[in-house]
Structures are given as C-alpha cells and as structure tokens.
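Architecture at a glance
Residue strings, one per chain:
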Amino acid sequence: MKAGLFSSGTPWSDRAFDFVVYLVIALVTVITLYPFLNVLAISLNDSTDSVRGGITIFPRQFTLKNYETIFAFSGLITGLKISLLRTVIGTVLGLISASMLAFTLSRVDFQGRRFVSTFLALTMYVSGGLIPTYILIKDLHMIGTFAVYVLPGLVSAFNVFVIRSFIDGIPYALQESAKLDGANDFTIYWRVILPLTKPALATIALFLAVGQWNSWFDTYLYNGSKDHLTTLQYELMKVIQSTTTNADSFRGRNMTEVMAQISPESVKMAITIIVTVPILIVYPFLQRYFVKGMTLGAVKS
Amino acid sequence: MKAAAPLKPQAAARRKSRFWHTFFQQKYLYLMSIPFVLWVFVFSYLPLWGWTMAFQKFKPKKSFLDQDWAGLQYFRELFHDDQFFQALRNTLAMSVMGLVAGFIIPIVFAILLNEVRIGILKRFVQTISYLPHFVSWVVAAGIVTKMLSTDNGAVNDLLVGLHLISEPIQFSGKGNLFWTIVTASDVWKETGWNTIIYLAAIAGIGPELYEAARVDGASRLQQAWNITLPGIRSTIIVLVIISIGHLVSIGFEKQFLLGNNLVRDYSQTLDLYALNYGLGMGRYSFGTAINIFNSVVSVILLFAANGIFKKITKESII
C-alpha cells in the first residue's frame, strides 16, 4: 500500500490502472481550472490585444484597465452593495430561523413537534410554482423592494432538518442540567445549543451565503427595472445575455460608454471574475465544514 | 384522538387542560416555531391556493370571488398546444440525459479518486473539483459560452488545432447540440460536488474486504469493480430514486442562461414555457396550468419512485 507510484514489483495491470487513475484526475483538474484561468487572463489583458485571440492562462499585455473602466463608469458599485447586503442579511435571518426551528423539532417533549415537522417537510415536495408565487409577491406589494430578496425564502426545510439531525447528536443531559439551573428554553437554545451546533451552522451559513450571492432570477423577475436594487449576478446576466454591443439592455448609458472603451468580451470576463472572487475568498475557510454537512444532509434526506 | 372526545367528556377536559398546561410550560418553544410556521404558510402554502387561478379567467385586479370560472379550458388549451409537447420533450430529454451522466460520471470519478494514494494530491483535486459547484449558473453559463465561442473559444481552438474540424463550430446556434451542451455544463459544474456522497460511502467499506481480495491476488481494477462498486450500491439506488422523483422539475436556469432564440425549439423546458408564455404574456391562468401539470407529474413520479424503493429496500424515503 505504501509503495510508491509505479514501483517495481507491482503487477502491470495495477500500473496500467494507476496510469488511468492519474490521467483522469489530471484531465479533470485541467478541465475544471482552465476555463477560470482563461477568463482571468483575458480580463487582465489589454482589450484590443485580446481580440487577436490566442490567450490561454497568462495575459499577454497585462493591464488593470478593464477593471478600472468597469468600476468607473457603470453602476456596478450599487450592484455590489445590494449583493453584499442580501448575502449578509439573508444568511443571518436564514440561520436564526433554521436553528430555532431545528431546536424546537429536536425536543421530543415539544407538543407541536409532529405538526411543525410535517408542515415543513411537505414544502420540500410540493410548491406552488412560478406564477402563483409571483402573484403572491405582487399582492404583498413586495415587487420593487429589497425585502423580496430575503423574506420569501427565509425558512428552508432542508436546512432545518440538517441542523436538527446535528442537534439530535448532542446529549440531552446538557439541556436538562441547564434546566435545573433555572434556564428557560430560549436560554438553553442560545447558551447551550447554538455554541455546540457551530459546525452545522457554518455549513448552512455557507449554503445560504452562496445561494444569496448567486441568485439572479428574483432580481430579474421582481426588480429588473429598479436600478438601485439590481444585484451583481443580474448585471452579469444582462451583459452575458446580450450578444451584440447594443446597449439597450445595459444599465443606462453607462455600460455603453464602457463598451465603447473596452470590448464587450473583456467586460464580460472582468465582471465574471468580480462576481466569482468573493466565492473564492470564503471557499477555503468553509471547505472543511461543508463536506461534513453535505454528507449529513444527504444521509438524512 | 379527536374522535374519542365526545365519549368521555371528563377525560377530554383533563387532556385539554393538560395541553394548555404544557403549552404554557413550552411557551418559548412555541414562540420559536409558530412565527416561522406562519411564515411558511404564507410563502409556501398560499401559492398552492393560487392554483385556483388555472380554473379561472384570472384578472389580477379582481378579487377571488369576482373572477370568472373557466373550468378546464386552460388545460384543454395546454394539451392542444404543440409548444407544450415540445417543452415536455425537452424537459424529459434533458433530465434523463442529466440523470444518466450525473450518476455515471461522479461514480466513476469517485472510484478513481479513491485510488489516489497520495493524500495531499487527492485533497487538492477534490478541492478543485468542488469549486464550480459554488459559482452561479450565470458565471458558469458565461464561461461555457466563452469556451464554446467561435472566436478564440478553447473548445473550437482545440478541435481545430487537432485537425478534427477545419472550421470552428458555432455551438450556440446548433439546436441539436443544445441538450448535450446543457448536460456537459452540468457535468462540468457538479461532478466534483456529487462525488462527496460516494466518497463518504466508499470510506465506510471495511478494509478487511480489500485485504482478503489482495490475498486472493485480485488486481486493483478487480477490487474497484468487485468491492468498491457493490459497496456503494445502496447509496446509488437511494440517490437514483430521489432523482427520478425530481425528473420533470429540472427548472429553467441553465436553459434560460445557455439558450437563445436560435435554439429555442430545444431549450424551452416546461418551466421556461410557463415563464415565456404564461408570465411573460400576462396569461397567468395558462401559466399556472403549466405549473400544476409540472407539480402533479413530479408528485406522481416521486410516489412511483418511492414505491419501487420500498419494494427493494423495505424503507421509505418520503
């Protein structure tokens, strides 16, 4: 087992197998990474030079001009602010709701447990669909508001059940002894359960934050015409969807000016990187948690 | 429980008072759950009430009782619309392709990854392979479009460079390639992520099995085929069945972002059809009928899949 790669004494069939294994994982790594590096290289390359083609993973004429132009001229800063805001608020609210519900559902003595649990679980299988939801949001006068980003999806049954299965693993004796010390159920939740649930909460926080940061369709559906409420993903979507330099679909005249200075291709690549970087920043910190959380959730559901 | 109440009024009263007694004792538990239950009621259950729209000539300005009833008119319209059948075909085609590729490739990759003996290399490849899962479909679609583009797209460059084709292919305009492009994009984005569950299952296989196989002189390939693959069989079955339940609810995100007018005949899924021909044209009732069709088929598939699952394993996944 400990023998090195291709060491003598291994049968040829195992060596061939090893060869296939390392070839495949090398290919997968390249196929996964290359597109990102290619986009990054083009975004950092002079826009007129990029048109000539042939850029792989290194910029040929390095420049930061693409980024400077985009940030100077377009409403991207607003998009960035709204995206960050919805990510922070959506994650915090989502964590509170999921952990509170999970705590109450983990309590075997809770009278409402069966009802709440079934009521929640059903939402994982049946949904009203696009149009009834749209009409509801309209009737609630939430179109054209920031609230539409964080409120409708506040409670996620899946997240509740992942956290609950984690809480189920915490000895109940801890809660009982806190109760003897005179703690009420809320104090137990806040002081005992929450600190012990951190790994599960970190996983769910990652899912919530990534979900918030990555969503674009709610902006498209409800706030597409509200310039002060559009998100980064939505701006990127508009740029990518427009195959011509026709500026109608872009945020005001600003993007037209950007397009006049640097090619649409460079604009797309640079915005793609801007949208992806925050994910890359949080990714390594949370990676150790999500594998655990994912396995837990998958086994439970 | 309720049925017993009229027979023994005293017992019922006692039970009732005990309920309220516990209710007050558990007031914090109620406070921590009831507000969210109401929340779920509003945002997840009220839209179900909206299904009534499909049976009415729905006008947004009117109240529920003032709407004119239409009976099954919109469903009849739906089943007489060629676009509907096209959308159904596209949905089924892309979900079946996604299902097949989305299972085979991650399983093979997980088994191969499990054979990597150099720990740090294995972790590195895993970390890289999870990454695309976390970028949005907007970003993924942008990247895919760039890679497939006719001017300097990597795929065309590679194919031309290898002399497999003489002219770059305009992938974005080829309807008959659209399903493959969507499936391949999905594989690119989710393969790594989908291996997590299989790697966890593989880790649970007892090392003594491999030990015994080695003593018997089994090669690594034979071990992978005869031990690893059967070892994760039950995991695979569970996941396949869950996926069958979600067969028609593939949504529209990828199709919306990767598609364009040139390939619409192949890119329009049921949800996209509801978006374009229901919501987009203000035909709320018609669009809701599409949503209902979609949900009903989903639930039927889910129960069917669960029934098969029960037969195989005597367990229920719902």
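Residues numbered from 1 in each chain as written. Chains lettered and ligands numbered in written order. Predicted model: local features only at pLDDT ≥ 70, side-chain atom pairs only at ≥ 80, totals over all residues. Heavy atoms only, no water.

Looking only at helices and strands, one finds 15 helices and two strands in chain B. The C-alpha atoms of chain B give a radius of gyration of 26 Å, which is well past the 20 Å a tight globule of 318 residues would have. The C-alpha extent of chain B, read off along each of the three principal axes, is 80 × 55 × 35 Å. For chain B, the residues scored as buried account for 46% of the 318 residues in total. Long-range pairs, those at least 24 residues apart, make up 64% of the contacts in chain B with a sequence separation of at least 6. As presented, chain B carries roughly 16,400 Å² of accessible surface, and 66% of it is formed by carbon and sulfur atoms. Each charge sign in chain B was given a centre, from 28 positive and 18 negative side chains, and these centres are 16 Å apart. (Helix = DSSP H or I, 4+ residues; strand = E, 2+ residues; numbered from the N terminus. Rg over C-alpha atoms; globule rule 2.2 N^0.38 Å. Buried < 20%, exposed > 50% of the residue type's maximum accessible area, 1.4 Å probe, protein only. Contact = heavy atoms within 4.5 Å. Areas by Shrake-Rupley, 256 points an atom, 1.4 Å probe, with all protein chains shown as cover. Lys, Arg positive; Asp, Glu negative; His and termini not counted. Charge placed at Lys NZ, Arg CZ, Asp CG, Glu CD.)

Below, the discussion takes up the confidence of the model for chain B. Residues and elements named next belong to chain B. Considering every residue of chain B, the mean pLDDT works out to 84; 95% of them sit at 70 or more. Within chain B, the element-level pLDDT minimum falls on strand E2 (residues 68-69), averaging 77, and the maximum on helix H6 (residues 137-148), averaging 91. Throughout residues 1-5 the model reports pLDDT below 50, and contacts reaching past four residues in sequence, or to other chains, amount to two contacts. For this predicted complex, the interface confidence reaches an ipTM of 0.85, while the overall pTM sits at 0.85. (pLDDT = per-residue confidence, 0-100.)

With 13 residues, helix H11 (residues 233-245) of chain B should reach 18 Å at 1.5 Å per residue; the first-to-last C-alpha distance of 19 Å fits that figure. Buried residues of H11(B): Thr235(B), Ile236(B), Ile241(B) and Gly245(B), and no others. (Expected span 1.5 Å × (residues − 1).)

On to the pattern of salt bridges. All names here are of chain B. Scanning the entire structure with this criterion turns up 14 salt bridges over all chains. Across the pair Asp186 and Lys254 runs a salt bridge whose closest N-O atoms are separated by 3.2 Å. Placement of Asp186 in helix H8 (residues 175-203) and of Lys254 in helix H12 (residues 253-258) is noted, with a sequence separation of 68 residues between them. A relative accessible area of 15% means that Lys254 is categorised as buried. (Salt bridge = Lys/Arg side-chain N within 4 Å of Asp/Glu carboxyl O.)

Moving on, we get to the environment of Glu211(B). Residues and elements named next belong to chain B. With respect to the helices and strands, Glu211 occurs in helix H9 (residues 207-215). Residue classification places Glu211 among the partly exposed residues on the basis of a relative accessible area of 45%. Each C-alpha atom, one on Glu211 and one on Gln223, is 9.9 Å from the other, the two residues being twelve residues apart in sequence.

Moving on: the UniProt feature "domain: ABC transmembrane type-1" (unreviewed entry) in chain B. The UniProt entry lists residues 88-305 of chain B under the feature "domain: ABC transmembrane type-1" (unreviewed entry), expressed in the numbering used here. This span, residues 88-305 of chain B, is 77% helix and 0% strand, and a straight line between its end C-alpha atoms measures 20 Å. (UniProt positions renumbered as here; feature names shortened; annotations may be inferred.)

A few words now on the confidence of the model for chain A. Residues and elements named next belong to chain A. Of all residues in chain A, 86% have pLDDT values of 70 or greater, and the mean over the chain is 82. Under a pLDDT of 50 for its full length, residues 1-6 has, in the predicted model, seven contacts with residues more than four places off or in other chains. For residues 244-253, every residue scores under 50 in pLDDT, and the model assigns this stretch 16 contacts once sequence neighbours within four places are set aside.

It is worth spelling out the packing of aromatic side chains at this point. Both the distance between ring centres and the angle between the ring planes are used here to describe each pair of aromatic rings. According to the stated counting rule, one finds 34 aromatic pairs over all chains in the structure shown. Relative to Tyr149(A), the ring of Phe146(A) lies with its centre 5.7 Å away and its plane at 90 degrees, an arrangement referred to as edge-to-face. Accessibility classification places Phe146(A) together with Tyr149(A) in one group, the buried group. Taking 6.3 Å as the distance between ring centres and 50 degrees as the angle between the ring planes, the aromatic pair formed by Tyr189(A) and Trp190(A) counts as tilted. Grouping aromatic residues by their ring pairs yields a cluster made of Phe79(B), Phe84(B), Phe85(B), Tyr273(B), Tyr277(B), Phe286(B) and Phe293(B). (Phe/Tyr/Trp six-rings, centres within 6.5 Å; stacked < 30°, edge-to-face > 60°.)

So, on to the packing of helix H4 (residues 76-106) of chain A against helix H5 (residues 113-122) of chain A. Residues and elements named next belong to chain A. Two elements in contact, H4 and H5, have axes separated by 9 Å at closest approach and are oriented at 135 degrees. Relative to H5, H4 is oriented oblique. Considering the relative orientation of H4 and H5, their crossing is left-handed. Across the interface between the two elements, Leu101, Leu105 and Ser106 of H4 pack against Arg113, Val116, Ser117 and Leu120 of H5. Across the contact of H4 with H5, the residue classes break down as four nonpolar, two polar and one charged. (Axes fitted to C-alpha atoms, helices over the stretch in contact; angles between N-to-C directions. Parallel < 35°, antiparallel > 145°, perpendicular 65-115°, else oblique. Left-handed = near helix turned anticlockwise from the far one by under 90°. Nonpolar A, V, L, I, M, F, W, Y, C, P; charged D, E, K, R; others polar.)

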